[in-house]
Amino acid sequence: MNKIIEKEFFSPKVACFVIEAPRIARSRKPGHFVILRVDEKGERIPLTITDADEKAGTITLVVQKMGVSSEKLCALEPGDEILDVVGPLGRATDIHKVGTILACGGGVGVAPLLPIVQGFKKAGNRVISILAARSKDLIILEEEIRKWSDEVIIMTDDGSYGRKGLVTAGAEEVILREKVDECVAIGPAVMMKFTSLLTKKYNIPTQASLNAMMVDGTGMCGACRVSVGGQTKFTCVDGPEFDAHQIDFNELMLRLGGYTELEKEAYQHYFESSIK
Amino acid sequence: MTDEKEYLKIEREKEWRVELRNKIKNKERTDLLRVKMPEMDPMERIKYQDREVNQGLSVAQAQAEAVRCMDCVNPTCIEGCPVSINIPKFVKYIEKGEFLNAAKTLKETSALPAVCGRVCPQEKQCEQSCFYTQKLKKDAVAIGYLERFAADYERESGQISVPETAPKNGIKIAAIGSGPASLSFAGDMIKLGYDVTVFEALHEIGGVLKYGIPEFRLPNKIVDVELENLKKMGVKFETNFIVGKTASFDDLKAEGYQAFFVASGAGLPNFMNIPGENFNGILSSNEYLTRVNLMNAADNAFDTPVFKGKNVAVIGGGNTAMDSVRTAKRLGAERAMIVYRRSREEMPARIEEVKHAEEEGIEFMNLNNPIEYFADEKGHVNRMRLQRMELGEPDASGRRRPVTIEGSEYDIAVDLVIVAVGVSPNPLIKNALPDLKVSRWGTIDVEEGKMQSSIPELFAGGDIVRGGATVILAMGDGRKAAASMHEYLQQRVTSNEF
Ligand SMILES: Cc1cc2nc3c(=O)[nH]c(=O)nc-3n(C[C@H](O)[C@H](O)[C@H](O)COP(=O)(O)OP(=O)(O)OC[C@H]3O[C@@H](n4cnc5c(N)ncnc54)[C@H](O)[C@@H]3O)c2cc1C
Ligand SMILES: Cc1cc2nc3c(=O)[nH]c(=O)nc-3n(C[C@H](O)[C@H](O)[C@H](O)COP(=O)(O)OP(=O)(O)OC[C@H]3O[C@@H](n4cnc5c(N)ncnc54)[C@H](O)[C@@H]3O)c2cc1C
Ligand code: SF4
Ligand code: SF4
Ligand code: FES
């Protein structure tokens, strides 16, 4: 049982939770995630650890409402308990000093990006962050990202905030303007795919953090398999970050859609039972 | 060994045993036919994911079967049991009608008799070594059924004996993983007075017994009773705790843990690495069974989804494959097929499971091997290509090697494929302990019989040492590790290390 200490909505669809998890708070590093199960009937869903407070024994999670599990989680309030939280999972980000880092976050992908931005900044890099979303109200964690970046560029699809355009437009401008040594991209699979194509053109080493479907998170089921450089890898133990230029994004996108129909059914069921 | 022989002899000469032996002539005993296990009707049972197929023996059936056992001078059956259960003793207690004593006898050596009675490959172990099989060429005494009977009787009687525990010695030890190896280890160590904590990565205790083996073969409530017992004896369980991730070995040492038993299983599913294997609708048996057994995905009230295929192909011929294909049938498959590259004789699954699967209408496509998968525009598998095989010369395992028949490829329609071609050791522990000696295959190297690894305070057993093996072998390892860890810790106590 893990108690919710704080909760805040960043937007109508994105909530931030501070949760009691002393052991995880102590062991986690940037790039790690947890798997949680809200209640007895819940599924196990992966969420990145956005931040942690070792002294207070808490971790911070940012979650976007997508379907049943994320809705259930977002319906919980401070004082409520989450049934199971396990972690930290995955391999930590390889944080090192290289010079200039371009950090691209799309939508809720900014949440997992934050600890990586922090890490690279603390390691003495110049960090340029690009936050992208469909519209203004979907831009999250802007202040926190600013604190750890030398420059922040905001891009919205509809131009309601920052500049109008996709993440790649902002990224290309920076690449053409100055030398970028490495790039990190986290967000929806399409966003990572096109960011990766762009940086490949300019030969910039790029890491992408994949949001593959997961069950156990310990390498036991293979639900999270992705093709990287022609080889099958398990995102939960070999990732979640991989060399973006080697990832088969098309396969990833197909696999992410695998359970869509069933999830719609589950959502329908959840919706009906919650109005009864 | 001589001690053991001596003990068996003393037990055998006890008055009650002699009396029972003299009551019925051996000739009459051997003329009796082996009992048939009452089973749920195949067409009825495939409607339920959670109803046990084998119904268990009645008191009369069990006693009649027990009469068949001749209480041999040289009980070869015991040699076939990896944990050397005193088989004639428990069987004779059943004949005599002292069922609780029969259960007690089982517990002298086995921590989970209700489980092993159900899932042991008896036909390759105790029953294979029974005098009936060996010398009389008749059906063996149904040792497994009787074991299950005694254990079930005890559980249902509500008079489970909670074993006595030695006074607490205050020494903290940890077991990693909560499968059969750890559970039997924990049971022995708590009896010796240690302060035992079992750490489990998942949210449920039981390892494969919970997430792998389905309800229709091993109901969870049977495992739960054993867990309750361990809890009553003082074993502590921490779920959602991955040793090496949630806390390191050093963290645990700093918290006072003096020794570790690693029984983290062989949880890593193998795939075949053939084209199209990552399409949707193709999953490992671990994923499929975990969704259904651990996450209750077949029940609409639970959030986790599972594909319910119409044409389901399961690749492999082991217990995992049988469990998957029979689960698929129960979830409504019209065709549920086993695709296996050898023939029925080579199948590693328990014979009873293969028989049950056949009764349930499972199609066996033996001597067939998948070579490629195809998918619809959404990336969901809709067809697979198979190649026919024939058997050639025996290979290293002694089984005849399957060889492909060139030009024999053909396609079949499938909408769900479950890959059950074996597992590899889970590398979590190895990754957390770079100094730990492991084999080429990633199994932990231990000193034979002692189960001690290259790190003195670290012992290991079960599938992480053997690769995918059996419940009873895992349990036996747990017991051996407990005995040798006890010896190791007592040495440290006498040299004042604590
Ligand atoms: C390593 C990792 C880190 C993640 N970090 C975050 C995060 O910090 N914040 C956040 O909001 N989301 C994160 N996600 C995605 C998040 O896990 C999914 O959005 C969530 O599981 C959706 O569940 P649902 O029931 O609400 O939606 P559903 O209706 O079940 O699904 C909506 C979509 O979410 C994805 N999804 C569903 N189930 C799973 C599952 N078990 N595992 C992975 N993806 C799934 C699929 O693409 C699906 O189509 C992360 C995913 C991974 C793999
Ligand atoms: C579907 C299926 C059917 C089977 N049928 C039979 C059968 O009929 N008869 C038979 O004899 N055998 C059968 N087996 C094999 C048998 O179940 C295994 O040999 C046995 O369970 C191995 O026991 P174990 O204790 O070594 O590990 P497991 O039962 O595998 O348990 C290991 C546990 O350790 C946990 N773990 C792993 N790493 C960590 C960590 N770092 N920290 C904490 N926890 C960790 C895992 O989550 C898991 O729960 C079957 C196996 C499967 C998969
Ligand atoms: S534990 Fe297994 S092998 Fe041993 S007697 Fe029981 S059924 Fe037979
Ligand atoms: S070998 Fe068979 S008949 Fe003899 S004691 Fe064992 S079970 Fe009984
Ligand atoms: S989530 Fe099961 S192997 Fe990665």
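Residues numbered from 1 in each chain as written. Chains lettered and ligands numbered in written order. Predicted model: local features only at pLDDT ≥ 70, side-chain atom pairs only at ≥ 80, totals over all residues. Heavy atoms only, no water.

## Observations regarding the pairing of strand S5 (residues 58-64) of chain A
All names here are of chain A. Where burial is concerned, most of S5 is hidden: six out of the seven residues are buried. Pairing of strand S2 (residues 14-20) with S5 involves seven bridges; the strand directions are antiparallel. The partner of Phe17 across the bridge, within S5, is Leu61. Examined bridge by bridge, strand S4 (residues 45-53) and S5 share four bridges and lie antiparallel to one another. Within S5, the position partnered with Asp51 by the bridge is Thr60. Connecting the antiparallel pair S4 and S5 is a turn made up of four residues, with Gly57 showing a positive phi of about 70 degrees. (Buried < 20%, exposed > 50% of the residue type's maximum accessible area, 1.4 Å probe, protein only. Helix = DSSP H or I, 4+ residues; strand = E, 2+ residues; numbered from the N terminus. Pairing = 2+ DSSP bridges.)

## As for the packing of helix H5 (residues 167-177) of chain A against helix H6 (residues 189-201) of chain A
All names here are of chain A. Here H5 crosses H6 at 20 degrees, and the two axes come no closer than 10 Å. When the interaxial angle is binned, H5 and H6 end up roughly parallel. For H5 against H6, the interelement crossing comes out right-handed. Contacts from Val167, Thr168, Ala171, Glu172 and Ile175 of H5 reach H6 at Met191, Phe194, Thr195, Leu198, Thr199 and Lys201. Looking at the contact of H5 with H6 residue by residue, the class counts come to six nonpolar, three polar and two charged. (Axes fitted to C-alpha atoms, helices over the stretch in contact; angles between N-to-C directions. Parallel < 35°, antiparallel > 145°, perpendicular 65-115°, else oblique. Left-handed = near helix turned anticlockwise from the far one by under 90°. Contact = heavy atoms within 4.5 Å. Nonpolar A, V, L, I, M, F, W, Y, C, P; charged D, E, K, R; others polar.)

## Focus on the site of ligand 4
Residues and elements named next belong to chain B. As a matter of local geometry, ligand 4 sits amid Cys69, Met70, Cys72, Thr76, Cys77, Pro88, Cys130, Phe131, Tyr132 and Ile143. Put simply, the parts of the chain that give the shell around ligand 4 at least two residues each are helix H6 (76-80) and helix H10 (131-136). A breakdown of the residues in the shell around ligand 4 according to their chemical character gives nine nonpolar, one polar and no charged. (Near = heavy atom within 4 Å.)

## What about the site of ligand 3?
Neighbouring ligand 3 are Cys81, Pro82, Ile85, Ile87, Cys116, Cys120, Gln122, Gln125, Cys126, Ile143, Glu147 and Ile472 of chain B. Grouping the constituent residues of the shell around ligand 3 by class yields nine nonpolar, two polar and one charged.

## Digging into the interface of chain A and chain B
Of the residues lining the interface, 40 residues belong to chain A; the matching set on chain B comes to 41 residues. Summing the contributions of chain A and of chain B, the shared interface buries around 3600 Å²; its carbon and sulfur component is 54%. Inspection of the chain A/chain B interface yields two salt bridges. Glu255 of chain B serves as the salt-bridge partner of Arg23 of chain A, at 2.8 Å between the closest nitrogen and oxygen. Here chain A is connected to chain B by 18 residue pairs in polar contact (both at pLDDT 80 or more). Residue assignment for the side of chain A that touches chain B shows that the elements contributing at least two residues are helix H1 (22-27), helix H2 (68-74), strand S7 (84-89), strand S14 (225-228), strand S15 (231-234), helix H8 (249-256) and helix H9 (260-275) of chain A. Here the side of chain A that touches chain B takes six residues from S7 of chain A, the largest share from any one element. For the side of chain A that touches chain B, the residue count by class is 15 nonpolar, 12 polar and 13 charged. (Buried area = accessible area lost by both parts, 1.4 Å probe. Salt bridge = Lys/Arg side-chain N within 4 Å of Asp/Glu carboxyl O. Polar contact = N/O pair within 3.5 Å; in protein donor to acceptor, adjacent residues only side chain to side chain.)

## Quick look at the domain arrangement of chain B
Residue and element names in this part refer to chain B. Along its sequence, chain B is carved into domain 1 (2-157), domain 2 (172-267 + 424-494) and domain 3 (271-421). On the side of domain 2, 21 residues touch domain 1, which itself brings 22 residues to the contact. For the pair domain 1 and domain 2, the summed buried surface comes to about 1900 Å²; carbon and sulfur atoms form 73% of the total. Counting across the domain 1 and domain 2 interface gives zero salt bridges. Along the contact surface separating domain 1 from domain 2 lie three residue pairs in polar contact (both at pLDDT 80 or more). Elements with a minimum of two residues in the side of domain 1 that touches domain 2: helix H8 (99-109) and helix H9 (113-119). Among the elements that line the side of domain 1 that touches domain 2, the one with the most residues is H9, at five residues. (Domains from an automatic or database assignment.)

## Topic: the pattern of salt bridges
Residues and elements named next belong to chain B. Tallying each qualifying case throughout the model produces 61 salt bridges over all chains. Note that Arg479 is salt-bridged to Asp188, the shortest N-O span being 2.9 Å. In this pair, Arg479 sits in helix H21 (residues 471-494) while Asp188 sits in helix H12 (residues 180-191), placing the two residues 291 residues apart along the sequence. Residue Arg479 is classed as partly exposed on the basis of its relative accessible area, which comes to 24%. Among the ionic pairs, Glu228 bridges to Lys231, the shortest N-O distance being 3.8 Å. Taken together, the residues span about one helical turn, with Glu228 and Lys231 both in helix H14 (residues 220-232) at a distance of three residues. The class of Glu228 is partly exposed, set by a relative accessible area of 41%. Beyond isolated ion pairs, a larger network of salt bridges with shared partners links Glu39, Arg45, Arg217, Asp323, Arg326, Arg330, Arg350, Glu352, Glu353, Lys355, Glu359 and Glu360.

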